[in-house]
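Residues per chain are reported as follows:
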Amino acid sequence: MKNRRTILWLAAACLLVFPSITNAQVKLTWKVVKYDLNVTLPSDFGTDRDLDVTATLELKNQTSQPFGRVSLRISEAAKVTSVSTGGSSVDFGNSVEKLSATQNLQKVQISVPS
């Protein structure tokens, strides 16, 4: 009987503690407020499968703290050639983020003015 009570108390404590740990780990920093994609197909799509895509994102910082970097995860097949904010070019870098043994994403880290 005493063991059963102890187990019940431990289970109740876990139910109270784990949701707060989980919520503390996942914090939304940036929120996409608006996006616009401008896609241009090549004139000979039968032989040339490369698309020209310009993505415009309007992001909002959801925290009270300033952040100087935005990280985007996109297809590893995409090629980022330039990034700008407010009409001015900003620094960015690319790296590979492994999802599994056969799947990767491209992580684009963008420096933004504070």
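What counts as what
- Sequence positions are assigned chain by chain, starting from 1 and proceeding in written order.
- Given that this is a predicted model, residues contribute local features only at a pLDDT of at least 70 and side-chain atom pairs are listed and counted only at 80 or more, while totals for whole chains, interfaces and linings are drawn from all residues.
- For side-chain calculations, the full set of non-hydrogen atoms in the structure is used, while hydrogens and water are omitted.
- Only DSSP runs of H or I covering at least 4 residues are called helices, and only runs of E covering at least 2 are called strands; the numbering of each starts at the N terminus.
- Burial classes follow relative accessibility: with a 1.4 Å probe on protein chains only, a residue under 20% of its type's maximum area counts as buried, one over 50% as exposed, and anything between as partly exposed.
- Contacts are assigned to residue pairs that have any heavy atoms within 4.5 Å of one another.
- Using the Shrake-Rupley algorithm and a 1.4 Å probe, accessible areas are obtained, with residue cover drawn only from the displayed protein chains.
- For patch building, the residue pool is restricted to those with more than 30% relative accessible area and no salt bridge; the joining distance is 9 Å between like charges and 5 Å between nonpolar side chains (Val, Leu, Ile, Met, Phe, Trp, Tyr).
- For this document, the term salt bridge refers to a Lys or Arg side-chain nitrogen within 4 Å of an Asp or Glu carboxyl oxygen.
- The pairing criterion for strands is at least two bridges between them, as found by DSSP.
- Angles run from 0 to 180 degrees between N-to-C directions of axes, and those axes are lines fitted to C-alpha atoms, restricted for helices to the stretch in contact.
- Cavities and pockets were defined on a 1 Å grid built over protein atoms only: a cavity is a set of grid points that admits a 1.4 Å probe from which the probe cannot escape, a pocket is an open set flanked by protein on both sides within 12 Å along at least five of seven lines, and lining residues are those with an atom within 4 Å of any such point.
- Grid points are joined across faces, edges and corners, and a volume is the space filled by probe spheres set on the points.

*Asks:* Give a detailed account of the overall build of the protein chain, specifying residues and quantitative values.
*Replies:* Check the secondary structure of the protein chain and you find one helix and seven strands. Buried residues in the protein chain amount to 8% of all 114 residues. Put simply, 50% of the contacts in the protein chain that link residues at least 6 apart link residues at least 24 apart. Accessible surface, the protein chain: about 9,800 Å² in total, of which carbon and sulfur atoms supply 55%.

*Asks:* Tell me about a nonpolar patch on the surface, residues and numbers included.
*Replies:* A cluster of nonpolar side chains, Val32, Tyr35, Leu37, Val39, Leu41, Phe45, Leu51, Val53 and Leu57, forms an exposed patch at the surface whose accessible area comes to about 850 Å². Elements with a minimum of two residues in the nonpolar patch: strand E1 (30-40) and strand E2 (52-61). For Leu41, the location among the structural elements is in the loop between E1 and E2. The class for Leu41 is exposed, based on a relative accessible area of 55%.

*Asks:* Tell me about the pairing of strand E6 (residues 92-98), and name the residues and values.
*Replies:* Note: E6 against strand E7 (residues 104-111), seven bridges, orientation antiparallel. Bridge pairing links Lys98 to Asn104 in E7. Two successive antiparallel strands, E6 and E7, enclose a turn made up of five residues.

*Asks:* Lay out the sheet that holds strand E3 (residues 69-75) with the relevant residues and their values.
*Replies:* Read from one edge of the open sheet, three strands run E3-E7-E6, paired in antiparallel fashion. Each of the sheet's edge strands pairs with one partner strand only, and the pair in question is E3 and E6. Neighbour-to-neighbour, the strand axes of the sheet open up by a mean angle of 25 degrees, direction not taken into account. The pairing of E3 with E7 spans seven bridges and is classified as antiparallel. Looking at E7, one finds that Val70 is bridged to Ile110.

*Asks:* Tell me about the layout of surface pockets, and please be specific about residues and values.
*Replies:* Size it by volume and the largest pocket reaches roughly 1,300 Å³. Val53, Thr54, Ala55, Val80 and Ser82 are, among the 30 residues lining the largest pocket, the residues nearest its centre. At the level of elements, E1, E2, E3, strand E4 (84-85) and E7 are the ones that each hand at least two residues to the lining of the largest pocket. When residues of the lining of the largest pocket are assigned to their parent elements, the largest contribution, seven residues, is made by E2.

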